Each structure stands twice: as structure tokens, then as C-alpha cells.
Amino acid sequence: MTELSDVSAQRTPRDSGTPRLTFADGGTAVLAWLRGMRDDQPAWFDESNGTWSLFRYNDIVRALRDTDTFCSDPSRSLPPELSENAEGSMVSIDPPRHGRLRGLVSHAFTPRLVEQLGPRIEGIVDDLLDRVLADRSGRFDLVGDLAYELPVIVIGELLGLPASDRDFLVRCADEFYAVEHDDPFNGEYMESMQSTLDELNAYMLDHARLRRREPADDLMTALALAEIEGERLSDREIRNFAVLLLTAGHITTTALLGNTVLSLGENPDVMAAWRAGTVDPAPVMEEVLRHRSPFTEVYRFTTTDVEIGDAVIPADQLVRVWLVSGNRDERQFADPDEFRLGRTTGRHLGFGMGIHYCLGAGLARVETTAALRVLSRRTAEITPVLDELKFYDAPGIFCLRSLPVTFHR
């Protein structure tokens with residue numbers, strides 16, 4: 001782990017003096033900086049973009065659970081052109097509307113439905129591995145050849161989208177996180193995201209309307225038919241959930257599967273136990289979610305002045321809630337920079353907490369479990385090439401873009 005004194009050489013010339021806030025180097029610089037901020041400035045105002053940041057676990061949990069003080073409605077602090085597309089989206093509303101929307105979505109997108117996908121997901125993994133395990137070089141890119149394509153195929157089939165549109169869905173998912181920039185408030189970054197989002201919104205809205213007219217055996221139809229006490233989801237709400245499932249659900253599974261295989265490679269004893277069947281994938285994934293949180297941050301908006309430590313955050317401020325920092329907080333987790341199974345204290349924040357806990361968490365776990373099961377069955381050995389790793393250089397995600405592995409069958 002790099003010490004804070006080593007970070008200065010990696011900083012960019014920003015007024016705030018922060019390191020580049022992406023994980024393109026595997027997190028070395030940012031994680032060291034976050035450790036210093038937890039100690040010295042747990043609630044910090046970034047003058048370069050006018051936002052506040054929270055770094056300590058307990059403060060983060062408070063922000064995630066106290067929706068009266070830390071709300072999710074972007075219209076409080078962002079201009080209309082940036083917040084209007086979020087209207088009616090599950091991630092951008094709070095009680096009581098959030099309960100209605102989540103209840104209706106959960107009525108269709110059930111844990112049982114997700115669990116039943118396991119065998120089909122294994123079949124998809126088998127198909128993807130057929131192409132690469134035949135390579136006589138004995139290596140492939142676990143992210144590019146498997147972890148990246150898998151969730152797009154699964155989510156597309158789940159929603160009932162045509163297989164012929166798969167390239168379009170992959171492109172949209174890629175463009176959503178492809179911009180290499182360390183500031184999520186950068187105009188170029190936001191413009192690129194909005195352009196892709198507009199295209200994807202139009203596509204999903206067309207399919208939501210189609211399923212109203214022509215029901216089928218898929219999640220889009222189930223969402224259209226979901227009803228609780230006479231209420232149903234609007235086409236726009238179905239569209240927003242479908243877009244969220246693709247954009248957030250895709251990168252979450254890509255990150256969880258890639259980061260899990262990387263962590264197994266970095267910890268030979270855990271790799272051996274997984275191979276021998278003496279350790280279940282579940283605790284491995286949970287420690288990965290803490291140690292390398294797929295989404296590094298979420299945002300909230302203050303509804304009133306709120307005191308955090310020695311700071312007072314005014315009302316109507318945008319707050320950057322650093323999940324990845326909370327998961328590395330030594331006040332909550334002993335030796336937090338170590339990858340360690342069997343932790344008995346603390347609940348990780350990898351999928352958030354509170355009413356906005358990731359609705360797709362179960363799907364990401366099922367996809368990753370299925371992929372690990374097939375990898376174990378079809379390879380006798382798989383070894384990450386640790387000096388050839390490439391991480392995304394986009395803000396907000398801790399995700400491998402390329403994970404070369406060698407294998408023996």
C-alpha cells in the first residue's frame with residue numbers, strides 16, 4: 001500500500017490538491033488519499049467543483065439511511081437539464097414515492113426469478129468459454145472475453161430484448177463508462193453520458209410500449225403487468241428501471257467477477273481453497289465487495305444544515321458519499337487494506353445500504369457465482385497476469401477493463 005507521502009508525485013494541478021480520483025492505477029493513489037481524508041477532513045468541501053465529500057464509515061451510513069436529511073432528488077441542487085431524465089428513477093426519489101416504485105418493481109423482479117437464472121447463466125458462460133478455451137496460447141482476457149459480455153447477454157435476455165440488438169447494448173454500456181476523466185462534473189464527461197443515455201432511453205421506452213401491446217414471457221412484460229392496490233408502473237418508470245438494470249447491473253457484474261478472480265490470484269491460499277471446494281464463493285465475493293467496491297461513490301443532497309464532525313454542511317448541497325472509503329475505514333474494519341475472509345464485524349457498503357440498497361445485487365451475485373462454478377469445472381488452473389492489468393479510468397467505478405489470465409484445462 002502506498003503511503004500518503006508517496007501520493008504527491010501522482011497529483012494533478014487542481015485547486016483542491018487531490019490526486020486523480022479514478023482507479024486506473026488499481027486504486028493506489030486514491031485509496032491513500034482517502035485514508036488521509038478520513039483522519040483529517042472527514043467532511044470536506046471541494047472548492048474545485050462545489051461539492052462536499054464524506055469519508056468515514058459511520059457518516060456514510062448516516063447519509064445512506066437518513067433520507068430526510070440526505071435526499072436523492074437531484075432537482076434540489078442540479079440544473080433541470082441534468083436532473084429531468086432522473087425523474088421517476090428509483091435511484092433519484094425518496095419516500096413515499098420510492099416505496100411505491102420499489103414495491104412494484106420488486107413484484108416483478110423477484111429473488112426467485114433471479115435464482116432461477118443460474119442454469120441459463122452457466123450455459124451462457126459455457127458458450128463464451130468455448131471460444132477462448134480452445135486457444136492454444138493458453139490465455140484469454142477474463143474481462144474482455146467473459147465478464148464484460150456476460151451481463152449484457154443475461155440482462156438482454158431477462159428483459160426480452162432481441163439478440164440482434166446485443167451489439168447496440170454492449171456499445172451503450174461501454175460508452176456509459178468509457179470516458180477517461182477524473183472529474184464526474186466535467187462537462188465533456190456529462191455530455192457524453194447524456195448522449196448515450198438519451199439513445200438508450202428512447203430504445204427502452206419503445207420496448208416498454210411494445211410489451212404493453214404485445215406481452216411476452218420476460219421481465220419487461222412482468223414490469224408492465226405488475227400491480228399493487230390498483231397502481232401500475234408507467235412506461236417511463238419501466239424504461240428507467242430497464243436502463244438502470246443495463247447500465248448499473250452490467251458494470252457491477254463485470255467488476256465483481258473480474259475483481260473476484262483478481263483477488264483469488266492475489267491470494268493463492270484462497271485460490272487453492274476455492275479450487276478444492278473448501279471455501280464457498282459467497283464469502284469471497286463479500287470480501288471483494290468490501291475490498292474493491294465496484295461503485296466507489298454515490299451522491300446525496302442535503303435538505304437542511306447538517307453537522308458532520310467539526311463541519312456544518314449547508315442545505316441544498318451536493319454530497320459525494322465515498323463508499324470505497326467507508327469500506328476501508330480502519331475504525332470499522334481491522335486491517336482494512338488486507339483481503340481477509342471471515343470478517344465478523346462491520347457490514348460492507350459495496351451495494352450501498354438503506355432503502356436505496358442495490359436492487360440488482362442478487363443478480364450480480366448469481367451471475368458471478370455461476371461464472372466461478374463454470375471456470376472451476378472447465379479449467380484445472382487459472383492465473384491472472386498481474387503485471388498486465390488495466391482498470392477503467394472513469395470516475396465512480398473500481399473495475400478492471402482487462403484481466404489477462406493463463407489457464408490449463
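This text gives an overview of the structure that appears in the document.

Thresholds applied
- Residues numbered from 1 in each chain as written.
- Predicted model: local features only at pLDDT ≥ 70, side-chain atom pairs only at ≥ 80, totals over all residues.
- Heavy atoms only, no water.
- Helix = DSSP H or I, 4+ residues; strand = E, 2+ residues; numbered from the N terminus.
- Buried < 20%, exposed > 50% of the residue type's maximum accessible area, 1.4 Å probe, protein only.
- Contact = heavy atoms within 4.5 Å.
- Areas by Shrake-Rupley, 256 points an atom, 1.4 Å probe, with all protein chains shown as cover.
- Salt bridge = Lys/Arg side-chain N within 4 Å of Asp/Glu carboxyl O.
- Lys, Arg positive; Asp, Glu negative; His and termini not counted.
- Polar contact = N/O pair within 3.5 Å; in protein donor to acceptor, adjacent residues only side chain to side chain.
- Phe/Tyr/Trp six-rings, centres within 6.5 Å; stacked < 30°, edge-to-face > 60°.
- Lys NZ or Arg CZ within 6 Å of the ring centre and 35° of its normal.
- Axes fitted to C-alpha atoms, helices over the stretch in contact; angles between N-to-C directions.
- Parallel < 35°, antiparallel > 145°, perpendicular 65-115°, else oblique.
- Nonpolar A, V, L, I, M, F, W, Y, C, P; charged D, E, K, R; others polar.

We now examine the overall build of the protein. Looking only at helices and strands, one finds 16 helices and 14 strands in the protein. Counting all 409 residues of the protein, 55% fall into the buried class. In the protein, the share of contacts with a sequence separation of at least 24, taken over all contacts with a separation of at least 6, comes to 71%. Counting every atom, the protein has about 17,100 Å² of accessible surface; 48% of that belongs to carbon and sulfur.

Along an α-helix, residues three or four apart share an orientation, since each turn contains 3.6 residues. Judged by how many residues are buried, helix H8 (residues 149–159) sits mostly within the fold: nine of eleven residues are covered. Taken together, the buried positions of H8 are Leu150, Pro151, Val152, Ile153, Val154, Ile155, Gly156, Leu158 and Leu159. Phi for Gly160, located one or two positions after H8, is positive at around 85°.

A few words now on the pattern of salt bridges. Oppositely charged side chains can pair when the atoms bearing their charge come close. One pass over the full model with this rule turns up 28 salt bridges. The salt bridge involving Arg35 is made with Asp337; its shortest N-O contact spans 3.9 Å. Residue Arg35 is located in helix H1 (residues 28–40), and its partner Asp337 is located in the loop between helix H15 (323–326) and helix H16 (361–378); the two are separated by 302 residues in the primary sequence. Accessibility expressed as a relative area gives 13% for Arg35, which makes it buried. Of the residues examined, Asp337 reaches a relative accessible area of 30% and is grouped as partly exposed. Here Asp39 makes a salt bridge to Arg331, at a shortest N to O gap of 2.8 Å. Of this pair, Asp39 sits in helix H1 while Arg331 is found in the loop between H15 and H16, placing the two residues 292 residues apart along the sequence. For Asp39, a relative accessible area of 41% puts it in the partly exposed group. Judged by its relative accessible area of 42%, Arg331 falls in the partly exposed class.

This brings us to the side chain of Arg102. Mapped onto the fold, Arg102 is located in helix H4 (residues 97–108). Although Arg102 is buried, it makes no salt bridge; Asp94 carries the closest opposite charge, 10 Å away. For Arg102, the side chain forms a polar contact with the main-chain oxygen of Ile355, separated by 3.1 Å. Beyond its immediate chain neighbours, meaning those up to four positions away, Arg102 contacts Met90, Ile355, His356, Tyr357, Cys358 and Leu359.

Moving on to unusual backbone geometry. For the bond running from Pro95 to Pro96, omega is 5°, close enough to zero to count as cis. Checked against the element boundaries, Pro96 lands in the loop between helix H3 (80–83) and H4. Positive phi is not limited to glycine here, since Glu229 has a value of about 50°. Looking at where Glu229 falls in the secondary structure, it is placed in the loop between strand E5 (227–228) and strand E6 (231–232). Positive phi is not limited to glycine here, since Asp316 has a value of about 60°. Take Asp316: it is sitting in the loop between strand E9 (311–313) and strand E10 (318–321). Here Asp316 falls in the partly exposed class, since its relative accessible area comes to 37%.

Let's shift gears to the packing of aromatic side chains. The way to describe two aromatic rings as a pair is by their centre distance and the angle between their planes. This structure, assessed with the given rule, holds 13 aromatic pairs. When the ring of Phe45 is compared with that of Trp52, the centres are 5.4 Å apart and the planes differ by 55°; the resulting orientation is tilted. Of the residues examined, Phe45 reaches a relative accessible area of 34% and is grouped as partly exposed. For Trp52, a relative accessible area of 11% puts it in the buried group. One aromatic cluster is present, built from ring pairs that chain together Trp33, Trp44, Phe55 and Trp322. Its end group placed over the ring of Phe333, Arg290 keeps NZ or CZ at 5.4 Å from the ring centre.

So, about the packing of helix H12 (residues 235–266) against helix H13 (residues 268–276). Where H12 contacts H13, the two axes come as close as 5 Å, and the packing angle between them is 110°. The angle between H12 and H13 falls in the class roughly perpendicular. Across from Leu264, Gly265 and Glu266 in H12, the residues of H13 making contact are Pro268, Val270, Met271 and Trp274. Class assignment of the residues belonging to the contact of H12 with H13 gives a composition of five nonpolar, one polar and one charged.

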